Each structure stands twice: as structure tokens, then as C-alpha cells.
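# Structural overview
As a plain string of letters, each chain reads:
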Amino acid sequence: MARQLIAGNWKMNGLSGPGSELAKDLAARAKAGTPPGTELLVCPPAPLLFQVAGILKGTGIALGGQDCHGAASGAHTGDISAAMLADAGCGYVLAGHSERRADHHESDTAVKAKAAAAQAAGLTPIVCVGETQDQRRAGAALDVIEAQVRGSVPETPGAGLAIAYEPVWAIGTGLTAKPSDVGEVHGHIRGLLKTLFGPEAGAAIRILYGGSVKPANAAELLAVADVDGALVGGASLSADDFWAIAAR
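Residues numbered from 1 in each chain as written. Predicted model: local features only at pLDDT ≥ 70, side-chain atom pairs only at ≥ 80, totals over all residues. Heavy atoms only, no water.

## Focus on the sheet that holds strand 8 (residues 229-232)
Strands sit in the order 1-2-3-4-5-6-7-8 around a closed barrel of eight strands; the barrel is parallel. Direction aside, neighbouring strands of the sheet carry axes that sit 25° apart on average. One ladder, built from four bridges, connects strand 5 (residues 124-129) with strand 6 (residues 162-165); its direction is parallel. The residue of strand 6 that forms the bridge with Val127 is Ile163. Across the sheet, helix 11 (residues 239-247) is in contact with strand 1 (4-9), strand 2 (38-43) and strand 8; its angle to strand 2 comes to roughly 150°. (Pairing = 2+ DSSP bridges. Helix = DSSP H or I, 4+ residues; strand = E, 2+ residues; numbered from the N terminus. Axes fitted to C-alpha atoms, helices over the stretch in contact; angles between N-to-C directions. Contact = heavy atoms within 4.5 Å.)

## Details of the state of the cysteines
According to the stated counting rule, one finds zero disulfides in the structure shown. Lacking any disulfide linkage, Cys90 is separated from the closest cysteine sulfur, that of Cys43, by 7.5 Å. Judged by relative accessible area, Cys90 falls into the buried class, the value being 8%. Cys128 takes part in no disulfide bond, and the closest cysteine sulfur to it belongs to Cys43, at a distance of 9.2 Å. Classification of Cys128 by relative accessible area gives buried; the value is 2%. (Disulfide = S-S within 2.5 Å. Buried < 20%, exposed > 50% of the residue type's maximum accessible area, 1.4 Å probe, protein only.)

## Section: the nonpolar core
In terms of nonpolar packing, the biggest core is built from 61 residues, with Ile6, Val42, Ile163, Ile189 and Tyr209 touching the most fellow members. Beyond its immediate stretch of four places on either side in the chain, Ile163 contacts Ile126, Val127, Val129, Val153, Ile189, Leu193, Ile205, Arg206, Ile207 and Leu208. Ranked by size, the runner-up nonpolar core spans 13 residues in total, among them Ala62, Leu94, Cys128 and Ala162. (Core = buried A, V, L, I, M, F, W, Y, C linked by side-chain atoms within 4.5 Å.)

That is the geometry; function is a separate question.
In C-alpha cells, the structure reads:
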């Protein structure tokens, strides 16, 4: 990969004041120069998208949504379409984050529909996969992740696609997968993507690691083979921490 993608998922955090200040801080840093070899992305809550888009305009920091519906429009109260996200200035959207899979019972089929809808709207979906601690202890991590990839990714990566491996047990817990474990999973995902889409296309799809990524461990994790960036949760709410991860 020419550039690693460092994506910040703000989750359900931030009001217009603090969100604006965080975006302004990142924008000021980006205007002074982004870390070499790095592409930056932030995914704020939906109500902040237009505001953050205006602040980040011209900085090179990309904007993403945290979720979208699988339909282009219709009677889906409370949901957001991929086209709406694109209209707000987004270039990316998360699909199938483990918190969505758990809290909203999203199936692989639903995640695939969301990712395909994102592609149709010109967005790059970041399809999230990952095993629970019980599944890892049972030795089923690779099987679980392969099933999620096969069931959740769209039929073609041509319109843009990324994968984020986030072990469920490492999200927001302070626990982090060992580099050797990350390498094993990312290598398995890479091989699967090459099988599904062909060697060239499979090699071009970015695979991000997420799960308590912080300044202290970013350099080690981002140096692992087939790790093409990071999906950062809590640390992305601090401009200092997010920038330190990008600069590692």
C-alpha cells in the first residue's frame, strides 16, 4: 500500500462544540502537513457530519459515516442512506462494526447490503469483522472471521472496499491483540480476498486493524505485514493521540 489509512471512529461521542474543536484541531495540524505515507479519516456521529465536513474541507482529511442503510431510500425511520452520507461530504462508511452487530443484531447479509449500497453511492465501505474472546479461546477465530468476510463483503471490490479486523474482546477494553495474532488474521484475510477477487484486486484492498489502538502500540501494530492502517476508537477523540498514532 502506498499510504496507510488511519480512521477515527468517534462513535456516539461529541456535541457541536467539542466536535467542532476537535475537527478544528485536526484541520490545523493537517494544513501544516499530514504524516508521510498516511491517509486520515474521521467518522463523527451523523448530526456532526455537515459541520465537520466544512471544517475539514481542503485539509485532505477524509470524512466517513458510522453506518448506513442497505436501501437507497424509503420508509426507514431513523436510518441514513449512503447517498445522504455522500451528500454530507463523506467518502467512506463503516459497515458491520461489532457494536452494530451486537446491539442491533446485524447479520452478515445485512452488512453486505449496506456495503453494496455504499458502493452504489460512491462511498468506500469499511467492512468490520472480528471474533469474540470465547471464539478465540475455542480456536475458532479464523473460521469466524472467514465466514464474516465471505458473508459481508460485496460481490466486487471495484467500487471501493476496505476491511477492518477488530477482535471484539479488544474494543474499548484496553486489551490489544499480539502482533503475531494480528499478522495471522490479516494474512488469512489477505489470502481470502485474493481467492475471492483475484491476486491483484485482493492485494489492493486495505485491511485495517482496530482494537484499543493507541500511541503506545501503534508503531508495532502498523508494522505488521498486511496491516494497511488502523481503525481507532477512543484515542480518536483526542487530537494529540490520534495524530500521534498517525505519526507513530
